[in-house]
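Architecture and fold: a report
The primary structure of each chain is shown beneath.
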Amino acid sequence: MSGGQLLGLALAELIESGLSLNVGTRSADRWPETCRAMGLRVHPDRRGFDVFLPVATSAATLANLRDNGLIAVTASHPPTHRTVQLKGVTRQILPESPADREFIAQYRRGLGVVLATVGIPPQVAGKVVHSPCWRVEIALHQVFEQTPGPDAGRPYGQERRG
Amino acid sequence: MNFDLSLYPSLFQGVVPSVLATCDAEGTPNITYVSQVHYVDSRHVALSRQFFNKTSLNLEQHPLACVELLDPVTLQPYRMKLRFLRSETSGPLFEAQSLRIQVIASHTGMSGIFKLIAADVFEVVSFEKVVGALDPSAEPPPLPQLEGPTPMTELRGLQEISCRINRTRDLDELLDVTLAALDELFGFHHAMVLLPDDSGRRLVTIASRGYGESGVGAEVELGQGLIGTVAETRQIIRVAGINTELRYGRAVRGQLAPAQQLRPEIPLPGLPDAQSQLALPLLVHDRLVGVLAIESRQTLQPADWHEAFLQVVANQIAIGIENAALREEPEEPEPTTPPKVPVAGRAQRRRRFAYFRHDECVFVDDEYLIRNVPGKILWKLLSTHRLEGRDEFSNRELRLDQGLGLPALRDNLESRLILLRRRLEQKCPEVRLVPTRRGHFRLELDCELDLVERA
């Protein structure tokens, strides 16, 4: 399962804590594709993670992952726009397990609390379909700072420019 | 493919950030947040570029992208496949995007640092609703109750507001009637009119509705925030989802190097929880005579179509201000208001007025009241009353008083008197300027005065 990059402990905790998640992939003919994700779980060795993609909305993304496996995931804290981007390669795509379902439900509750702070009511956030999901296992290759600003795109943890 | 982006205006307000996927020459995907996707026409959109980043590089290498937008009310996602066409660094599209960024930069203390580099224009190759993203069986979200008329009743409302404005007799009444009509006919409960002060560097609120006592007299620096930017650029600016934009601006601010000269964040004037703001320059020819600013707690109000009729209303206000500035009051021999009868035996409060010559400010009981020309006028009235016992005054004598520094043309005396009268109503209702006939007014006092002049 291991990739080439080790996720710091603090960052691992951060990205599991109710952030808004989005996935970027591309097709064989290099058309990019986006999809919302419904949870991110860091592997115990912190060199990979699982991301959960709703079956209902991820058909094109899944086709891309089966084609080339390349994936980028942003995790963003809506009240502050604090954002990181994880890049890696897909190892496995599996249907969600009962334990995954519980993890996704917990993620959804956490995100609902965060979204409420930016004015999105629970009854609106609660309508977003979160199950069933595919569990996509990813080997982590790179982590980038992605908070809006001049340093967006800088490898995470690298000193600031200027 | 058959689609028309003009049917989805709420997607392009920037209320909820969008996500943009690109890939580089090797095919590695990249995904990032964008604060707003701008509608260009039914088949084109634009993104603002404030920094050169991975997305910019990817688009130069490989001009294809995918963006997901969310409906701000329902969170229904829509996906667009985009083909990058060009970067614009001037022209109307660039200017419009640049203004919005200027407003956010100004509010978050990043003027001149956080700015638009280019407006990147894309052809929309496909547009689709993401089916299955929302649970149809879940409780439906409450639809926002947009107040005011629909576009179908816009013309009738405009006719009504125009008639009401036309019936007004002076600028004072025109301002009150206009703001009341915007509230009653169109549901804009929070609005203000600001005029440039004597320095030309600030705007002062002369009339407001929906802000309680804090409205009249509030000041905005030219170039600062939405209202100051509108005054400086003389362009209409509307910002929906102002909180989203400010959060985005603060995120950028947090990423900027400490060496960059950031200024303190300035509070927004008006509502602390405004969700959207619209400000229109009041222009006569190309000259700025004021700004009309409207705020709402509803994210999508004002809507696109409001801009057009508010522009017409703004033009009427501008003409009213200009007419008031140019009007010479004919002398009328008979007073129309009976002289005030003093109330016998009532204990009178003492109010202490202090005039600071250095910055032409008047304080009442140690609280700021007014400054510049309106301040000098008040001091002249109070001093004359003290020295000569006179309480009847005319606009003509104020105009002839060299010490007040009124310009020969367009002296805006009437608007300055309105501001003074309203500030007194708020801060010192025992001192009143009561119009008696055209061009004449009486100083009425229900208090004892202490006058102190300081350097």
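It is worth spelling out the sheet that holds strand 19 (residues 440-445) of chain B at this point. Residue and element names in this part refer to chain B. Read across the sheet, three strands follow the order 17-19-18 without closing on themselves; strand pairing throughout is antiparallel. Strands at the two margins of the open sheet, each flanked by one partner only, are strand 17 (392-394) and strand 18 (431-437). Across the sheet, the mean angle separating the axes of adjacent strands is 35° when strand polarity is ignored. Along the sheet face, helix 8 (residues 372-388) touches strand 17, strand 18 and strand 19 and points at about 70° away from the line of strand 19. Packed onto the sheet, helix 10 (residues 413-427) meets strand 18 and strand 19 and runs at close to 135° relative to strand 18.

A water-sized probe rolled over the atoms picks out the places where empty space is left. Residues and elements named next belong to chain B. Of the voids in this model, the second largest pocket is the one considered here, and its volume is about 650 Å³. Taken together, 23 residues line the second largest pocket, and the ones lying closest to its centre are His-38, Tyr-39, Ala-96, Arg-100 and Arg-238. Looking at the lining of the second largest pocket, the elements with two or more residues in it are strand 3 (37-41), helix 2 (92-107), strand 11 (237-240) and helix 7 (304-326). In terms of residue count, helix 2 provides more of the lining of the second largest pocket than any other element does, eight residues in total. Of the residues that constitute the lining of the second largest pocket, the class distribution is 10 nonpolar, eight polar and five charged. Counting contributing residues, the lining of the second largest pocket receives three or more from each of domain 1 (5-129) and domain 2 (151-256 + 268-326).

All names here are of chain A. Every buried residue of helix 2 (residues 59-67) is listed here: Thr-61, Leu-62, Asn-64 and Leu-65. Buried residues along helix 2 cover an arc of 160° about the axis, so they all sit on one side. Along helix 2, exposed side chains directed more than 90 degrees from the buried face belong to Ala-59 and Arg-66. Directly after helix 2, the chain includes Gly-69, whose backbone phi takes a positive value near 75°.

Across the junction of Ser131(A) and Pro132(A), the peptide omega takes the value 0°, indicating a cis bond. Within the element layout of this structure, Pro132(A) appears in the loop between helix 4 (122-125) and strand 7 (133-145). The backbone phi angle of Arg46(A) is positive, close to 60°, even though this residue is not glycine. Take Arg46(A): it is sitting in the loop between strand 3 (40-42) and strand 4 (48-54). With a relative accessible area of 25%, Arg46(A) lands in the partly exposed category. Of note, the phi angle at Asp366(B) is positive, near 70°, even though the residue is not glycine.

With that settled, consider the nonpolar core. The biggest cluster of nonpolar side chains holds 63 residues, and the ones touching the most others in it are Leu175(B), Leu182(B), Leu282(B), Phe353(B), Ile377(B) and Val431(B). Among the elements that take part in this core, helix 7 of chain B stands out by supplying eight residues, more than any other. Viewed by domain, this core spans two of them, domain 2 (151-256 + 268-326) and domain 3 (349-454) of chain B, each represented by three or more residues. In this structure Leu175(B) touches Val193(B), Ile206(B), Ala207(B), Ile317(B) and Ile418(B), once residues within four positions along its chain are discounted. By size, the runner-up hydrophobic cluster in this structure holds 37 residues, among which are Leu7(A), Leu21(A), Val42(A) and Val84(A).

Next up on the list: the packing of helix 2 of chain B against helix 6 (residues 242-255) of chain B. Residue and element names in this part refer to chain B. The contact between helix 2 and helix 6 brings their axes to 9 Å, and the two run at 65°. One way to sum up the angle between helix 2 and helix 6 is to call them roughly perpendicular. Note that helix 2 runs across helix 6; the crossing there is right-handed. Residues Arg-100, Ile-104 and His-107 of helix 2 form the contact with helix 6, whose own contacting residues are Ile-242, Glu-245, Leu-246 and Gly-249. For the contact of helix 2 with helix 6, a count of residues per class yields three nonpolar, two polar and two charged.

Here we come to the pattern of salt bridges. Taken as a whole, this structure holds 45 salt bridges over all chains when the rule is applied. A salt bridge links Glu33(A) to Lys81(B); the shortest N-O distance between them is 3.0 Å. Of this pair, Glu33(A) sits in strand 2 (residues 32-36) while Lys81(B) sits in strand 6 (residues 77-88), which puts the two residues in different chains. Note on accessibility: Glu33(A) and Lys81(B) belong to one class, buried. Note that Glu430(B) and Arg349(B) form a salt bridge whose closest N and O atoms lie 3.1 Å from each other. Of this pair, Glu430(B) sits in the loop between helix 10 and strand 18 while Arg349(B) sits in strand 14 (residues 349-356), placing them 81 residues apart in sequence. Its relative accessible area of 14% is what places Glu430(B) among the buried residues. Here the salt bridges do not stand alone but share partners, grouping Glu33(A), Arg36(A), Glu68(B), Arg79(B) and Lys81(B) into one network.

A separate point is the interface of chain B and chain A. The partner chain A presents 48 residues to the 54 residues of chain B that form the contact. On the chain B side of the interface with chain A, the three residues burying the most area are Ile31(B), Tyr33(B) and Gln255(B), jointly 18% of the side's total. There are three salt bridges connecting chain B and chain A. For the salt bridge of Arg36(A) with Glu68(B), the shortest nitrogen-to-oxygen distance reads 2.8 Å. For the pair chain B and chain A, the interface holds 18 residue pairs in polar contact (both at pLDDT 80 or more). Among the elements that take part in the side of chain B that touches chain A, helix 6 of chain B stands out by supplying seven residues, more than any other. Of the residues contributing to the side of chain B that touches chain A, the split by class is 32 nonpolar, 12 polar and 10 charged.

This part covers the pairing of strand 1 (residues 20-26) of chain A. Put simply, side chains in a regular strand alternate between the two faces of the sheet. Residues and elements named next belong to chain A. Among the seven residues in strand 1, seven count as buried, and that is most of the element. Neither face of strand 1 is exposed, since Ser-20, Asn-22, Gly-24 and Arg-26 on one face and Leu-21, Val-23 and Thr-25 on the opposite face are all buried. With five bridges connecting them, strand 1 and strand 5 (residues 70-77) associate as antiparallel partners. Residue pairing in the sheet places Asn-22 in a bridge with Thr-74 of strand 5. Between strand 1 and the antiparallel strand that follows it, strand 2, lie five residues; Arg-30 among them carries a positive phi value of about 65°.

Criteria and cut-off values
Residues numbered from 1 in each chain as written. Chains lettered and ligands numbered in written order. Predicted model: local features only at pLDDT ≥ 70, side-chain atom pairs only at ≥ 80, totals over all residues. Heavy atoms only, no water. Pairing = 2+ DSSP bridges. Helix = DSSP H or I, 4+ residues; strand = E, 2+ residues; numbered from the N terminus. Axes fitted to C-alpha atoms, helices over the stretch in contact; angles between N-to-C directions. Contact = heavy atoms within 4.5 Å. 1 Å grid on protein atoms, 1.4 Å probe; cavity = no way out; pocket = protein on both sides within 12 Å on 5 of 7 lines; lining within 4 Å. Points joined across faces, edges and corners; volume = space filled by probe spheres on them. Nonpolar A, V, L, I, M, F, W, Y, C, P; charged D, E, K, R; others polar. Domains from an automatic or database assignment. Buried < 20%, exposed > 50% of the residue type's maximum accessible area, 1.4 Å probe, protein only. Arc of directions from axis to C-beta. Core = buried A, V, L, I, M, F, W, Y, C linked by side-chain atoms within 4.5 Å. Parallel < 35°, antiparallel > 145°, perpendicular 65-115°, else oblique. Left-handed = near helix turned anticlockwise from the far one by under 90°. Salt bridge = Lys/Arg side-chain N within 4 Å of Asp/Glu carboxyl O. Buried area = accessible area lost by both parts, 1.4 Å probe. Polar contact = N/O pair within 3.5 Å; in protein donor to acceptor, adjacent residues only side chain to side chain.

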